[in-house]
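So you can see what is in the structure, the chains are spelled out below.
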Amino acid sequence: MAAPTAEPAPIKAVPLRHPGRWVAAAVVLALLGLFAYGAATNPAYHWDTYRKYLLDTRIASGAVVTLELTVLAMLIGVVLGVILAIMRLSPNPVLRSVAWVYLWVFRGTPVYVQLVFWGLFPGLYQVIHLGIPFGGPHFLELNVLDWRAPFFFAMLGLGLNEAAYMAEIVRAGITSVGEGQREASVALGMSWGQTMRRTVLPQAMRVIIPPTGNELISMLKTTALVTAIPLTTELYGRARDISSVNFQPVPLLLVAATWYLAVTSILMVGQYYLERYYARGQSRQLNTKQLEALAKMQRSEANVV
């Protein structure tokens with residue numbers, strides 16, 4: 001029986017010093033301090049006006065409208081994006097071509113231009129007739145001029161634009177799941193719907209969730225462009241209306257930026273926990289405690305031998 005080998009002395013690790021990092025950090029902090037001091041002492045910022053309108057009820061109501069517009073537009077984008085993604089993956093060439101043309105148009109034109117178009121939509125189509133085309137009878141008549149709903153057209157314009165991007169996100173998530181997963185599900189007797197619901201989509205969510213959270217945050221900020229319709233009841237529109245009266249655009253821009261920053265910060269926290277939930281079991285790396293326990297177990301086994 002071989003004599004147990006002596007346990008080697010533990011290595012005393014000396015951390016590598018990085019003086020350059022401390023110098024760079026000091027320079028950055030000094031520059032930030034100088035900028036903050038200059039902004040705080042600059043009378044052109046009108047900080048008294050900023051404090052006056054930061055919690056104004058008109059600004060708060062505009063933030064609520066912005067949130068409503070963001071959620072509804074994202075719902076349209078997600079639902080239509082899933083449909084377009086399925087069409088892109090369909091073996092039917094007609095469905096693939098229609099989906100490709102949709103993505104080509106809405107991803108290839110600026111969202112501001114699209115919103116301007118939706119703002120002019122009532123002037124292009126005053127009345128919409130639903131029925132048999134080419135002189136046939138009409139079953140339903142919609143008077144677009146009676147709608148007078150800039151919120152509806154803003155929601156529709158943002159949602160249709162977002163659907164083009166969500167379609168690519170969902171398609172990338174579905175194609176990231178290996179073909180063997182689908183084949184195994186079919187071998188177990190699952191239908192196509194059960195395979196997508198139980199096997200493909202749960203694994204695809206790890207790829208879909210992070211960019212979807214980014215799209216939600218981006219959508220919140222894109223709502224500032226709906227003034228092209230025009231819709232002035234959202235956050236930026238309210239701030240712009242107030243600044244057009246007191247002729248102080250800078251503090252009102254800072255008020256709107258503060259509200260946008262606060263809401264996006266909350267959304268980023270929710271995105272973090274949602275990503276962590278769907279990433280469970282994805283990483284196989286051991287943490288520090290697990291590595292220490294494994295090392296102790298190996299040492300004890302060596303001593304026994």
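Being a predicted model, the structure only gives us computed values, none of them experimental. (Residues numbered from 1 in each chain as written. Predicted model: local features only at pLDDT ≥ 70, side-chain atom pairs only at ≥ 80, totals over all residues. Heavy atoms only, no water.)

1. Some points on the pattern of salt bridges
- By the definition in use, this model includes four salt bridges.
- The closest approach of N and O atoms between R107 and E168, which form a salt bridge, is 3.8 Å. Residue R107 is located in helix 4 (residues 93-108), and its partner E168 is located in helix 6 (residues 150-175); the two are separated by 61 residues in the primary sequence.
- The residue E168 makes a salt bridge to R171 at a minimum N-O spacing of 2.9 Å. One end of the pair, E168, and the other, R171, are both in helix 6, three residues apart, so they sit about a helical turn from each other.
- E168 sits in the buried class, given a relative accessible area of 18%. (Salt bridge = Lys/Arg side-chain N within 4 Å of Asp/Glu carboxyl O. Helix = DSSP H or I, 4+ residues; strand = E, 2+ residues; numbered from the N terminus. Buried < 20%, exposed > 50% of the residue type's maximum accessible area, 1.4 Å probe, protein only.)

2. So, helix 10 (residues 249-278)
- Along its 30 residues, helix 10 runs 43 Å from first to last C-alpha, staying within 8% of the 44 Å computed at 1.5 Å per residue.
- Of all the residues in helix 10, the buried ones are P251, L252, V255, A256, Y260, V263, T264 and Q271. (Expected span 1.5 Å × (residues − 1).)

3. Some remarks on a nonpolar patch on the surface
- Taken together, the side chains of V23, V27, L31 and L34 define a hydrophobic patch exposed on the protein surface, amounting to about 400 Å² of accessible area.
- Relative to the elements of secondary structure, L31 occurs in helix 1 (residues 19-41). (Patch = residues over 30% accessible without salt bridge, like charges linked within 9 Å, V, L, I, M, F, W, Y side chains within 5 Å. Areas by Shrake-Rupley, 256 points an atom, 1.4 Å probe, with all protein chains shown as cover.)

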